[in-house]
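Below are the chains, spelled out letter by letter.
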Amino acid sequence: MAGQFINLLASILLLLAFAMLSQRRIKLLVSLFMIQGLTLFTNTIVIASTTGQAHLYYSALLTLSLKVVILPWILFRMIRQLNVEWDVETLINIPSTMLAGIAIVIVSFNLALPISHLAGTITRGTIGIAMACVLLSLLMMITRSKAISQVIGFLSMENGLFFAATSTTYGMPMVVELGVALDVLVGVLILGVFFFQIREKFESLDLKHLEKKEE
Amino acid sequence: MNVQPIELIILAAVLWIVLGLVGLAAGKHVGFVRSIVFPLGAAAGLVVAASAYFSTGIETEISLLGLPDLPFHFRLDALSAFFLMILGLAVFGISSYSAGYFRNEKEHIGTICLEYHVFLAAMTFVILADDAFLFMVSWEAMALSSYFLVTTDHRIAEIRRAGFIYLLMAHLGAISLLLFFGSMGGNYSFDAMRGTHLSGMQATFAFLLALFGFGAKAGMLPLHVWLPEAHPAAPSPVSAMMSGVMLKTAVYGLIRVLFDLLHLQLWWWGVLILAIGLLTALFGAVFSAVQSDMKRLLAYSSVENIGIVFVGLGLSAIFRAYAMNSLAALALVATLYHCLNHAFFKSLLFLCTGSVLHATGERNLGKLGGLIHNMPWVAWTALIGSLAIAGLPPLNGFVSEWLLLQAFLFTPGLPHSYLNMMIPVAAAALVLTGAAAGYVMVKFYGIVFLGQPREEKLREAKSAGGWERAGLLWLSSGCILLGLFPFFVIDHLAGVTDFLLGSRLPSADWLFLAPISSERASYSPILFMIVTLFATVLVFLLVRRFYHGRVRRAMPWNCGYPVWNARMQDTSEGFGQPIRQIFDPFFRIGRELPSPFDTAPKYSAKSEDRIWLWLYLPFAGIAERLADFFGKIQQGRILVYLMYNFVTLIILLLIVQ
């Protein structure tokens, strides 16, 4: 029963990853990221209750507070202040990106096969999805040109990693998890400062302004 | 409480670092930094010299600093004490001079003060180091601090370029040294290296790496290219420090490796050092003769002197390989003596060029001249330095060159017939170098200080201030005293040769210097000076007595000189022309001759180093092509970099699977 539920949540995560890949409005992107965090939280709670791993409750709480409340709040505020609603046209058009995404999912399922055989967890079927989430987020970072959507891609990649960790080994040690969470938080804060600096300097957040090489 | 000399020296080095930081903090108060910090640094130099002079035996010290489980080891023995003495004595003169020299550096005085004093401390630690780790750390600190000193005026593109070349060569040398320490049997402390037994192949490999590494710092051919670029770029006290002292640390390192760390000696190593040294010396002398920038001229002259030092070192190594230790001691004494002398006279000359540069703003010999009238102090001390470097008795340059030639005279005793035949040729080439050095100094001194000022503004040149005079006076009196009393130095050097070779020169007479025995050859600088003075005074009096008052003044014949001006004097290019003619194949000469109808004719000739063309430019070309290739990958677009990550990740995952 629990296994079925976890598989459902995993497929929701994959769906969300594709949704993020195709979404061009930044506000909605953040909402999607929030839902992703929520799904991750539910998933962790379910795993914790079925396996009785107490520390997973803590990481679930951490996920909830950080990825559902704090980070989206920061991002929304940033969007409001920077006044960026839309990402410009992506480098590769969205249908082709989706096709590439499907190819990536196939590749990652194949790649995950040997790992799932090794893992002894109830969630081992979802490792392929976790890996696909990571790679899809990376793909999203490649195809976007606004700095802020890249940061969201980076955060959702971290979500994928977290998911991969919970599904292979029931999560990383608490210390590592705390460290990663803090890193992400600090990273976003610093990047926020950078955004303001970039906009002040170039009056736009488009990355192409940063691409002039210093000879 | 009994303080060991080594502790005093380490304390002095730490004091230098502290002084540097104080200078940095008080960078706004130029007067304070100049007249308090630099003189204190000079005093610390004197402390170093004195403690090194009075140290006996081997002292070691282990500091608490360093990596965990790898503390820094210090060691003071006769060899390092001698080089520390050179350092301390030169620092006293140069720091006193700097106290006056940097008065115009209002902006940078803080950073200059820091870099300068860190440079001093780093050199001290290089000489004191007793493990590879401390040695490399101080070696690199020395290279970096001197790099920043060279690029003090970094706003000028040419100086940045010179700094880059210097840094490049310094790093090539450092890599080679690192490999050398790695090839010493995996040991890290010098003590363990002394006990390592390497096979002939391994030892040769290690020796060649050390020769390359130290040669790059010393300015050995063909690694000398940074010297003529870096010296003109650096402020003059820095040039003096680099040429007078820093080059010696490389010599120190080579001696340490050759006579102390490597347990075996192959005869052809000595021949290699000797041959390279000879080429370096000849090359340096010839090139300095054709320079028209006074600091470049001195830089090439440093190359020449390092060549002479290497010749002595090579000779000593040859003697030692054949177990002729007393002769090896003679050659080594000559080598070390020359190091000491060079520290004095080259520092002195660089400081003199600094004063000239400050007073006139010119480095180009073609625009100087007649400065003896306005700057008598500088001119007279420069005269002493020039005579000393040209190797004229009774000054110090003569003593070391004479000792070296004495050592050459004993080479027929070598049990190797080819060497017996080749080495006299080397001696002849060395003498040629000495003559060329004399020629160069006549050119340097004559063009800068004698004759008429070639430019109008030179008539307003101001002489050096008090601090500068103190520094110049210290160094020039050093040149005289080291020349007049070689006995003290040679007696002191007995400790070094005892330590390295287990042999010493026969105890010298205070009046007569006789390296092996008084029947063969002896030299008494004091008698020589008395006779010279006597002859000079006699001639002067005779001329005054018999000829004076019979000078007729009449209108000259005016043949071809109806209007006489300063431009008609011999120029530096003109003076160097014979050398350029004779050694033509050495140079790549670019000449620009004016057309006969030009109303404002300009002539320029540039003599360049062929080694650049043959050795360095091909490498630079390869590096550039590689860089171009990588530049294509390096697009500078964030998305492209992400794409690289992505593709690499996918490929790696596929491979791992």
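Peer 1: It is not clear to me how the overall build of chain A should be interpreted in this structure. Could you clarify?
Peer 2: Helix and strand counts for chain A stand at 7 helices and 0 strands. Each helix and strand of chain A, ordered N terminal to C terminal, gives the series α-α-α-α-α-α-α. Here chain A holds 215 residues, and 50% of them are scored as buried. Of the roughly 10200 Å² of accessible surface on chain A, a fraction of 69% belongs to carbon and sulfur atoms.

Peer 1: Honestly, the overall build of chain B in this entry has me stumped. Any pointers?
Peer 2: Looking only at helices and strands, one finds 22 helices and 4 strands in chain B. Taking 657 residues into account, the globule formula puts the C-alpha radius of gyration at 26 Å, and chain B, at 26 Å, falls close to it. Dimensions of chain B, computed from C-alpha atoms along their principal axes, come out at roughly 105 × 65 × 55 Å. For chain B, with 657 residues in total, the buried portion stands at 55%. Put simply, chain B shows about 28500 Å² of open surface, and 67% of that area lies on carbon and sulfur atoms.

Peer 1: Sorry, what's going on with the layout of surface pockets here?
Peer 2: Summary: where empty space remains is shown by rolling a probe the size of a single water molecule over the atoms. Residue and element names in this part refer to chain B. In this model, the second largest pocket occupies a volume close to 470 Å³. Contributing to the lining of the second largest pocket are 18 residues, with Met-85, Leu-89, Phe-344, Trp-474 and Leu-482 lying nearest its centre. Of all elements in the fold, only α2 (30-54), α3 (78-101), α13 (325-360), α17 (466-484) and α18 (486-501) reach the threshold of two or more residues within the lining of the second largest pocket. Classifying every residue of the lining of the second largest pocket by side-chain character gives 15 nonpolar, 3 polar and no charged. Mapped onto the domain boundaries, the lining of the second largest pocket takes at least three residues apiece from domain 1 (1-211 + 221-232) and domain 2 (265-545).

Peer 1: Help me understand the packing of helix α3 (residues 54-82) of chain A against helix α7 (residues 174-202) of chain A in this model?
Peer 2: All names here are of chain A. It is at 11 Å that the axes of α3 and α7 come closest, and there the two elements cross at 0 degrees. Overall, the two elements α3 and α7 adopt an arrangement that is roughly parallel. Every residue of α7 that contacts α3 at His-55, Tyr-58, Ser-59, Leu-62, Leu-66, Ile-70, Leu-71, Ile-74, Met-78, Gln-81 and Leu-82 is listed here: Met-174, Glu-177, Leu-178, Ala-181, Val-184, Leu-185, Val-188, Leu-189, Gly-192, Phe-195, Phe-196 and Arg-199. By residue class, the composition of the contact of α3 with α7 is 17 nonpolar, 4 polar and 2 charged.

Peer 1: Looking at this structure, how should I read the environment of Thr152(B)?
Peer 2: All names here are of chain B. Assignment of secondary structure puts Thr-152 in the loop between α5 (132-150) and α6 (157-182). According to the relative accessible area criterion, Thr-152 is buried, its value standing at 7%. The spacing of Thr-152 and Ile-372 is 220 residues in sequence and 29 Å in space, taken between C-alpha atoms. Excluding anything up to four places from it in sequence, Thr-152 contacts Glu-105, His-108, Ile-112 and Pro-235. At 2.4 Å, the side chain of Thr-152 and the backbone oxygen of Leu-149 are in polar contact.

Peer 1: How should I be thinking about the confidence of the model for chain B in this particular structure?
Peer 2: Detailed reading of predicted coordinates is not advised where the pLDDT is low. With 96% of its residues at a pLDDT of at least 70, chain B reaches an overall mean of 86. Here the prediction assigns the complex a pTM of 0.77, and the interface score ipTM is 0.76.

Peer 1: Honestly, the pattern of salt bridges in this entry has me stumped. Any pointers?
Peer 2: When the charged atoms of two side chains lie near each other, side chains of opposite charge can form a pair. All names here are of chain B. Counting across every chain of the model gives 13 salt bridges over all chains. Notably, a salt bridge pairs Glu-456 with Arg-459, separated by 3.2 Å at the nearest N-O pair. Connected through shared salt-bridge partners, Arg-75, Asp-77, Asp-130, Asp-191, Arg-194, Arg-256 and Asp-260 make up one network.

Peer 1: Could you clarify how one ought to interpret the confidence of the model for chain A in this entry?
Peer 2: Looking at chain A as a whole, its pLDDT mean stands at 81, while 87% of the residues score no less than 70. Between the elements of chain A, mean pLDDT differs from a low of 76, seen in α7(A), to a high of 89, seen in helix α2 (residues 26-51) of chain A.

Peer 1: I tried to follow the domain arrangement of chain B on my own but got confused; where do I start?
Peer 2: One frequently used descriptor of interface size is the decrease in accessible area upon assembly of the parts. Taken domain by domain, chain B comprises domain 1 (1-211 + 221-232), domain 2 (265-545) and domain 3 (623-657). Domain 2 of chain B and domain 3 of chain B are separated by 57 Å when their C-alpha centres are compared.

Peer 1: Explanation requested: the interface of chain A and chain B in the structure shown.
Peer 2: Chain A puts 17 residues into the contact, and the matching count from chain B is 15 residues. Across the chain A to chain B interface the summed buried area is about 1500 Å²; carbon plus sulfur atoms make up 79%. The interface formed by chain A and chain B holds 0 salt bridges in total. Our enumeration of links across chain A and chain B arrives at 0 residue pairs in polar contact (both at pLDDT 80 or more). Those elements that place two or more of their residues in the side of chain A that touches chain B are α4 (94-118) and α5 (127-143) of chain A. Of the residues belonging to the side of chain A that touches chain B, the class tally is 12 nonpolar, 2 polar and 3 charged.

Peer 1: Looking at this model, I keep getting lost on the environment of Ile47(A). Mind explaining?
Peer 2: All names here are of chain A. By the secondary structure assignment, Ile-47 is in helix α2. Here Ile-47 falls in the buried class, since its relative accessible area comes to 0%. Distance in space between the C-alpha atoms of Ile-47 and Ala-2 is 8.0 Å, their sequence separation being 45 residues.

Peer 1: Mind showing me how you'd approach the nonpolar core here?
Peer 2: One broad trend across soluble globular proteins is that nonpolar side chains are buried collectively. Judged by nonpolar contacts, the single largest core of 210 residues is most densely connected at Trp16(B), Phe83(B), Phe135(B), Trp226(B), Ile255(B) and Phe408(B). It is α13(B) that provides the largest number of residues to this core, a total of 21 residues. Looking at which domains feed residues into this core, each of domain 1 (1-211 + 221-232) and domain 2 (265-545) of chain B supplies at least three. Sequence-distant contacts of Phe408(B), that is, excluding residues within four places in its chain, are made with Leu274(B), Val311(B), Leu315(B), Ile423(B), Ala426(B), Ala427(B) and Leu430(B). Membership of the second largest hydrophobic core comes to 54 residues, among which are Cys133(A), Leu139(A), Met140(A) and Phe163(A).

Peer 1: It is not clear to me how helix α15 (residues 396-409) of chain B should be interpreted in this structure. Could you clarify?
Peer 2: Residues separated by three or four positions in an α-helix point in the same direction, a consequence of the helix having 3.6 residues per turn. Residues and elements named next belong to chain B. For α15, which comprises 14 residues, the first-to-last C-alpha distance of 21 Å matches the rise-based estimate of 20 Å (1.5 Å per residue) to within 8%. In terms of burial, α15 is a largely internal element, 12 of the 14 residues being buried. Every buried residue of α15 is accounted for by Asn-396, Gly-397, Phe-398, Val-399, Ser-400, Glu-401, Trp-402, Leu-403, Leu-404, Gln-406, Ala-407 and Phe-408.

Peer 1: What is the right way to read the packing of α13(B) against helix α14 (residues 376-389) of chain B from this model?
Peer 2: Helix-helix packing is characterised by the crossing angle of the two axes and by the distance between the axes. All names here are of chain B. In the contact formed by α13 and α14, the axes pass within 9 Å of each other and the chain directions differ by 145 degrees. When the axes of α13 and α14 are compared, the crossing they make is left-handed. Residues Phe-345, Lys-346, Leu-348, Leu-349, Cys-352, Ser-355 and Val-356 of α13 lie in contact with α14, whose contacting residues are Val-378, Thr-381, Ala-382, Gly-385, Ser-386, Ala-388 and Ile-389. When grouped by side-chain class, the residues that make up the contact of α13 with α14 number 9 nonpolar, 4 polar and 1 charged.

Peer 1: Could you clarify how one ought to interpret the side chain of Asp77(B) in this entry?
Peer 2: With respect to the helices and strands, the residue Asp77(B) is situated in the loop between β2 (70-76) and α3. Here the side chain of Asp77(B) touches Arg256(B) through a polar contact of 2.9 Å, side chain to side chain.

Peer 1: I would appreciate a short explanation of the environment of Leu274(B) in the present structure.
Peer 2: As for its position among the elements, Leu274(B) is in helix α11 (residues 267-289). Here Leu274(B) is in contact with Phe310(B), Val311(B), Gly314(B), Leu315(B), Ile318(B), Phe408(B), Ile423(B) and Ala426(B), once residues within four sequence places are set aside.

Peer 1: Would you mind going over the pairing of strand β1 (residues 59-67) of chain B with me for this structure?
Peer 2: Every other side chain in a regular strand lies on the same face of the sheet, so the side chains alternate between the two faces. Residues and elements named next belong to chain B. The sheet contact formed by β1 and β2 spans 6 bridges and is antiparallel. Within β2, the position partnered with Glu-59 by the bridge is Leu-76. In this antiparallel pair of consecutive strands, β1 and β2, the connection spans 2 residues, and Asp-69 shows a positive phi of 70 degrees.

Peer 1: Explain the packing of aromatic side chains here, please?
Peer 2: What characterises a pair of aromatic rings is the spacing of the ring centres plus the angle enclosed by the ring planes. Tallied over the full model, the rule gives 31 aromatic pairs over all chains. Pairing Trp402(B) with Tyr523(B) gives two aromatic rings, centres 5.6 Å apart and planes at 45 degrees, and the pair type is tilted. In this pair, Trp402(B) is assigned in helix α15 and Tyr523(B) in the loop between α18 and α19 (525-547), connecting sequence segments 121 residues apart. Judged by relative accessible area, which is 14%, Trp402(B) ranks as buried. Residue class for Tyr523(B) comes out buried when judged on its relative accessible area of 8%. Feature note: the residues Phe135(B), Trp139(B), Phe180(B), Phe181(B), Phe190(B) and Phe214(B) constitute an aromatic cluster, connected by ring pairs. A cation over an aromatic ring shows up here: Lys67(A) above the ring of Phe162(A), its NZ or CZ 4.7 Å from the ring centre. Here the basic side chain of Arg77(A) rests over the ring of Trp73(A), its NZ or CZ set 5.4 Å away from the ring centre.

The rules behind each value
Residues numbered from 1 in each chain as written. Chains lettered and ligands numbered in written order. Predicted model: local features only at pLDDT ≥ 70, side-chain atom pairs only at ≥ 80, totals over all residues. Heavy atoms only, no water. Helix = DSSP H or I, 4+ residues; strand = E, 2+ residues; numbered from the N terminus. Buried < 20%, exposed > 50% of the residue type's maximum accessible area, 1.4 Å probe, protein only. Areas by Shrake-Rupley, 256 points an atom, 1.4 Å probe, with all protein chains shown as cover. Rg over C-alpha atoms; globule rule 2.2 N^0.38 Å. 1 Å grid on protein atoms, 1.4 Å probe; cavity = no way out; pocket = protein on both sides within 12 Å on 5 of 7 lines; lining within 4 Å. Points joined across faces, edges and corners; volume = space filled by probe spheres on them. Nonpolar A, V, L, I, M, F, W, Y, C, P; charged D, E, K, R; others polar. Domains from an automatic or database assignment. Axes fitted to C-alpha atoms, helices over the stretch in contact; angles between N-to-C directions. Parallel < 35°, antiparallel > 145°, perpendicular 65-115°, else oblique. Contact = heavy atoms within 4.5 Å. Polar contact = N/O pair within 3.5 Å; in protein donor to acceptor, adjacent residues only side chain to side chain. pLDDT = per-residue confidence, 0-100. Salt bridge = Lys/Arg side-chain N within 4 Å of Asp/Glu carboxyl O. Buried area = accessible area lost by both parts, 1.4 Å probe. Core = buried A, V, L, I, M, F, W, Y, C linked by side-chain atoms within 4.5 Å. Expected span 1.5 Å × (residues − 1). Left-handed = near helix turned anticlockwise from the far one by under 90°. Pairing = 2+ DSSP bridges. Phe/Tyr/Trp six-rings, centres within 6.5 Å; stacked < 30°, edge-to-face > 60°. Lys NZ or Arg CZ within 6 Å of the ring centre and 35° of its normal.

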